[in-house]
Amino acid sequence: MIEIKLVVNDKPYTLEVEPSERLIDALRNRLGLLGTKEGCGEGECGACTVIMDGKTVNSCLVLAAQANGSVITSIEGVGNRRSPHRVQKAFVEVGAVQCGFCTPGMVLSAKNLLDKNSKPSNEEIGIAMSGNLCRCTGYDKILRAVKIAAEEGKE
Amino acid sequence: MKKRGIGLGCSWYGTGYGNGFPDVSSAFVEIHDDGSATVLTGAVDVGQGSNSIFAQIAAEELGLESQDICVYSGDTDATPDSGTTAATRQTYNTGNAVLKAVRQAKSSLLDYAAHEFSCPTSEGIELKEGFIGVKGDPSRRMPLADMVFQARLKGERFISAESSTARSTPVDPETGQGAPYWPYAFGCQMAEVEVNTETGMVRVLKVVAVHDVGKALNPTQVEGQIAGGVTQGIGFALLEELELKEGKINNPALSSYLIPTALDVPSIEALFVEDAECTGPFGAKGLGEPAMLPTVAAIINAIDDAVGVRITSLPATPEKILQGLAEKREGLEK
Ligand code: FES
Ligand code: FES
């Protein structure tokens, strides 16, 4: 077992993890943060996206030990029912959610884009979201929601 | 060189299990004394939004808001079987079962209310905006919750169990006669593509999709299902190929079986036509699978329009298109 220290959603944690344990397992099984989803487990779908030190990563490809000393935001850290993040609000408004499996990852990718670039072009939005697969929505409403959230943030 | 083309695809699709297989959905309903209602059905909402549809159907019939309806679904311990979420059947088949069940519970409520309001027939009672009262007489009405509460104290309960069966017949293989499906869903789509004649790559630039949904119970969901279907159709037409080797799938991963990403989808214009299906709940019928079917034909036709290559096996990979172009050139040279 390896001891790691990390900050998840503004809370500091010290965890004992297996050397081969993935970040997604530490988040889901040790911290009970079940909002992070595992779709493919091989870095293709983006369902497991979290923000690590300001970058989106596929938490199925990151070892928990590699996250030692890092600051992580998972979907649980991005607003809630009472006060949703503007990306979440826009997703609900336009109906960008169907089965919802891709949604946590989509929201985190969108949030991270807007944190860095408050006025993304359509193309930049497309590129930022292209690492997250969605089988239900056809992306149409997702891309529109990100656009709306971006516009709201500008004011 | 990049060449553009436009193609059209049309589809008609029989929804439900069909071919004489009994297609049964069922639902339990209770109207409560707080002015809400519960719907229990085995139908599983996999994200297409059937739970919202059932809540809307119950709300419409009871004069309530859909947030007043609690839908419990897909629990084999507690909910009655409503078949699979497949065959584009939940809005139509389970929707019909829910509507029948709501109407049954409602009819005992109307009978009770007619008696309370000294109205000679329950036909004179209406449910509207959370109230129950005598039609055309605003002085004789009360909140639905109050009526159900009073009834409850007198030992009345408004509960129901109903099922709905869509009937079809097998097709006679000799004569081709029969009624294998009901209802049918219709759709028509146009796609504009750009084909790169050097690489064989196809980019879909735009898709306009129009579907007959009978009645759009939830327009946002209809748009979502159409856009989702179109995108799966793009994958079907251009990317997705299940490679089988001796019965085993060769590419069982998203790294080798490619599906469209946000960068592969064009602008999708999702439109619908409402031609009420008289056997459907409030005129609605299914949309799920039909939304992806015309896309494939529209794209393949658009490729033909752009570069004159007829693709006859899916997906239309760059290799197949380059081969088609080479054959065309050879044909011309001869
Ligand atoms: S689960 Fe990590 S990318 Fe799919
Ligand atoms: S909403 Fe189902 S995968 Fe995106």
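Residues numbered from 1 in each chain as written. Chains lettered and ligands numbered in written order. Predicted model: local features only at pLDDT ≥ 70, side-chain atom pairs only at ≥ 80, totals over all residues. Heavy atoms only, no water.

Q: How should the overall build of chain B be read in this particular structure?
A: The helix and strand tally for chain B stands at six helices and 13 strands. Relative to its length of 334 residues, chain B is extended, with a C-alpha radius of gyration of 25 Å against a globular reference of 20 Å. Counting only C-alpha atoms, chain B reaches 90 × 40 × 40 Å along its principal axes. Taking as baseline every contact in chain B between residues at least 6 positions apart, the subset at least 24 positions apart corresponds to 72%. Of note, chain B has its 26 positive side-chain charges centred 3 Å away from the centre of its 44 negative side-chain charges. (Helix = DSSP H or I, 4+ residues; strand = E, 2+ residues; numbered from the N terminus. Rg over C-alpha atoms; globule rule 2.2 N^0.38 Å. Contact = heavy atoms within 4.5 Å. Lys, Arg positive; Asp, Glu negative; His and termini not counted. Charge placed at Lys NZ, Arg CZ, Asp CG, Glu CD.)

Q: Explain the interface of chain B and chain A here, please?
A: One frequently used descriptor of interface size is the decrease in accessible area upon assembly of the parts. Counting residues at the interface gives 22 residues for chain B and 21 residues for chain A. Regarding the contact of chain B and chain A, the summed buried area is about 1700 Å², with carbon and sulfur atoms giving 60% of it. Per-residue buried area on chain B facing chain A is highest for Leu254(B), Ala262(B) and Leu263(B); these three make up 27% of the total on that side. Taken together, chain B and chain A are joined by two salt bridges. As a salt-bridge pair, Arg135(A) and Glu240(B) come within 2.6 Å of each other at their nearest N and O atoms. A total of eight residues in the side of chain B that touches chain A trace back to one element, the largest contributor, which is helix H4 (residues 219–238) of chain B. (Buried area = accessible area lost by both parts, 1.4 Å probe. Salt bridge = Lys/Arg side-chain N within 4 Å of Asp/Glu carboxyl O.)

Q: Would you take a moment to explain unusual backbone geometry for this structure?
A: For residues besides glycine, phi is generally negative; the peptide bonds are generally trans as well. Between Trp182(B) and Pro183(B) the backbone carries a cis peptide bond, its omega angle lying at -5°. Within the secondary structure, Pro183(B) is located in the loop between strand E8 (158–166) and strand E9 (184–196). Following Leu314(B), the chain continues into Pro315(B) via a peptide bond in cis, with omega recorded as -10°. When you line up the elements, Pro315(B) lands in the loop between helix H5 (293–307) and helix H6 (318–333). Phi at Asp53(A) takes a positive value of approximately 45°, unusual for a residue other than glycine. Looking at the element boundaries, Asp53(A) is found in the loop between strand E3 (49–52) and strand E4 (55–58).

Q: It is not clear to me how the domain arrangement of chain B should be interpreted in this structure. Could you clarify?
A: All names here are of chain B. With domains assigned, chain B is organised as domain 1 (2–15 + 182–333) and domain 2 (24–165). A C-alpha centroid distance of 39 Å is found between domain 1 and domain 2. Each side of the interface is counted separately: domain 1 has 20 residues, and domain 2 has 15 residues. Here domain 1 packs against domain 2, burying approximately 1300 Å² in sum over the two surfaces, 60% of which is carbon and sulfur. When the buried area of domain 1 at its contact with domain 2 is split by residue, Gln221, Pro281 and Phe282 rank highest and sum to 41% of it. Counting across the interface, domain 1 meets domain 2 through zero salt bridges. Put simply, domain 1 and domain 2 have nine residue pairs in polar contact (both at pLDDT 80 or more) between them. (Domains from an automatic or database assignment. Polar contact = N/O pair within 3.5 Å; in protein donor to acceptor, adjacent residues only side chain to side chain.)

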